[in-house]
Amino acid sequence: MATTTYTVKGMTCGHCAGSVKTEIGKIDGVTSVDVDLATGAVRVDSAAPLADADVAAAVDEAGYEVAV
C-alpha cells in the first residue's frame, strides 16, 4: 500500500475536486482519492507506488495542473 500527496493548482469548487478525483481514480491500482479543495492537496492511496507522470496526466485530463 502506498500513499502520496500531490498539490493541484486551479481547483475552485466541488465540481473541480470531483473531476480530479474521478480522473485519478481511473488509474490502475488506485484504491482511494481524497481532495482538500481549500489547500489543493490530493491524497492518493494505491496498491503500489504510482508514476508521477500518470497522476499528472490524469489531473491534466481533468483540466488542472499538478504543482511542481
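Report on the accompanying structure.

Our next topic: the pattern of salt bridges. Side chains bearing opposite charge may pair, as long as their charged atoms lie close to each other. Counted under the stated rule, the structure contains three salt bridges. Note that Glu 65 is salt-bridged to Lys 9, the shortest N-O span being 3.7 Å. In this pair, Glu 65 is assigned in strand E4 (residues 65-66) and Lys 9 in strand E1 (residues 2-9), connecting sequence segments 56 residues apart. For Glu 65, a relative accessible area of 44% gives the class partly exposed. With a closest N to O distance of 3.3 Å, Lys 26 and Glu 23 form a salt bridge. Among the residues examined, Lys 26 registers a relative accessible area of 55% and is labelled exposed.

Take the packing of helix H1 (residues 14-25) against helix H2 (residues 52-62) next. Contact geometry of H1 with H2 gives a least axis separation of 8 Å together with a crossing angle of 140 degrees. Taken together, the axes of H1 and H2 lie oblique to each other. Read as a crossing pair, H1 and H2 show a hand that is right-handed. Facing Ser 19, Val 20, Glu 23 and Ile 24 of H1, the residues of H2 in contact are Val 55, Ala 58, Val 59, Glu 61 and Ala 62. Residues belonging to the contact of H1 with H2 are distributed by class as follows: six nonpolar, one polar and two charged.

About the cut-offs
- Residues numbered from 1 in each chain as written.
- Predicted model: local features only at pLDDT ≥ 70, side-chain atom pairs only at ≥ 80, totals over all residues.
- Heavy atoms only, no water.
- Salt bridge = Lys/Arg side-chain N within 4 Å of Asp/Glu carboxyl O.
- Helix = DSSP H or I, 4+ residues; strand = E, 2+ residues; numbered from the N terminus.
- Buried < 20%, exposed > 50% of the residue type's maximum accessible area, 1.4 Å probe, protein only.
- Axes fitted to C-alpha atoms, helices over the stretch in contact; angles between N-to-C directions.
- Parallel < 35°, antiparallel > 145°, perpendicular 65-115°, else oblique.
- Left-handed = near helix turned anticlockwise from the far one by under 90°.
- Contact = heavy atoms within 4.5 Å.
- Nonpolar A, V, L, I, M, F, W, Y, C, P; charged D, E, K, R; others polar.

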